[in-house]
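If you want the building blocks of each chain, they are given just below.
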Amino acid sequence: LLAGCGKSDDVLVVGTNATFPPFEYVGGVSGDEIKGFDIDLAKQIAKDAGKTLKVENMNFDSLIVALNAGKIDFIASGMTITPERQASVDFSAPYYEATQLVLVNKDNTSINSTDDLKDKHIAVQLGSTGDIMAKTYSQNVTAFNTGFEAVMELKNNKVDLVLFDSEPAISFLNKNPQLKMVKLDFDAEFYGLAVPKGKTELLNSINTTLKSMKSNGEYDALVTKYMK
Ligand code: GLN
């Protein structure tokens, strides 16, 4: 028999934006491997479903569109569960708690509370929760396709601060000693994996994998591997 075209039943396609360390990033010996916490979760989900995982890397802002166009089966991309997104996708049980962090250049002492964000020039990642939140504090927000580009702007003194999720912010901080973080009073955010609305079977199998990884120690092992 000749193999057919199109998406194979043996393959589960996960969409991600691999600019969000330690959840998803490009690395490895070859320098073009997509790795991270979410990718390991996705691999286990595919394995438990008896399928091979294929990773599609795209802009964060394109993930929900790609999901609903059937180009990917699910999203694993440090995506915060929000009511707005729940209108267009179904989320798994929350699998990670995060918050927004402020990054500034080390000599900047002007930001000590959320009031100090008023009308500051803020760099964010396009379509992120940080993007949406920044606009509630300031009219002067510039959005980039990646957090990395937002951090570059900060290092070049083109913006006052970057507003980004805690774990990738810390990861960027570790590589940029001229920066520091400021912890402000932001709400907790919960990451979920997303499937197209009504894909109950896939959603159930994702939740089953998450649950068993939490009870058998594999989830904690991933936290130790990527966050410590
Ligand atoms: N957690 C943030 C959001 O959902 C950022 C995610 C990301 O950039 N990968 O918008």
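Cut-off values and rules
Each chain has its residues counted from 1, running along the sequence as written. In view of the model being predicted, local features appear only for residues whose pLDDT reaches at least 70, and side-chain atom pairs are presented and counted only at 80 or more, with totals across whole chains, interfaces and linings using the full set of residues. Hydrogens and water molecules were not included; the side-chain quantities draw on all heavy atoms of the structure. Each helix corresponds to a stretch of at least 4 residues labelled H or I by DSSP, and each strand to a stretch of at least 2 residues labelled E; elements are numbered beginning at the N terminus. We call a residue buried when its accessible area falls under 20% of the maximum for its residue type, exposed when it is over 50%, and partly exposed in between, using a 1.4 Å probe and counting protein chains only. Whether two strands pair depends on DSSP finding at least two bridges between them. All the domain ranges listed were derived from an automatic or database domain assignment. By definition in these notes, contact holds between two residues if any of their heavy atoms fall within 4.5 Å. Accessible area that two parts lose when put together, with a 1.4 Å probe and added across both, is what the buried area reports. We define a salt bridge as a side-chain nitrogen of Lys or Arg found within 4 Å of a carboxyl oxygen belonging to Asp or Glu. The definition of a polar contact used here is a pair of N or O atoms within 3.5 Å, where within protein one atom must be able to donate a hydrogen and the other to accept one, and adjacent residues in sequence count solely through side-chain atom pairs.

S.K.: Is there a simple way to think about unusual backbone geometry in this case?
M.R.: Leaving glycine aside, a negative phi is the common case for residues, and trans is the common case for peptide bonds. Going from P21 to P22, the amide bond is cis rather than trans, its omega being 5 degrees. Looking at where P22 falls in the secondary structure, it is placed in the loop between β2 (19-20) and β3 (24-27). You will see that D119, though not glycine, has its phi angle at about 60 degrees, which is positive. Mapped onto the elements of the fold, D119 is located in the loop between β9 (100-105) and β10 (122-125). Positive phi outside glycine occurs at N157, with the angle close to 60 degrees. Within the secondary structure layout, N157 lies in the loop between α5 (147-155) and β12 (161-165). Taking the relative accessible area as the measure of exposure, N157 reaches 61% and is therefore exposed.

S.K.: For this particular structure, what's the right way to read the sheet that holds β3?
M.R.: Paired through backbone hydrogen bonds, the strands of a sheet run either parallel or antiparallel to each other. If you trace the three strands from one edge of the open sheet to the other, you get β2-β3-β4, paired in antiparallel fashion. Looking at strand neighbours, the two that pair on one side only are β2 and β4 (33-35), the edges of this open sheet.

S.K.: Hey, could you run me through the domain arrangement of the protein in this one?
M.R.: Accessible area lost upon the coming together of the parts is a frequently used measure of interface size. As far as domains go, the protein holds domain 1 (12-96 + 189-227) and domain 2 (100-182). Look at where the C-alpha atoms of domain 1 and domain 2 centre, and you get two points 25 Å apart. If you look at the interface, domain 1 gives 17 residues, while domain 2 gives 15 residues. Surface buried jointly by domain 1 and domain 2 totals about 1,200 Å² across both partners, of which 52% is contributed by carbon and sulfur atoms. When the area that domain 1 buries against domain 2 is broken down by residue, the three leading residues are F20, P21 and E189, summing to 35%. Linking domain 1 with domain 2 are zero salt bridges. Applying the counting criterion to the domain 1 and domain 2 interface returns five residue pairs in polar contact (both at pLDDT 80 or more).

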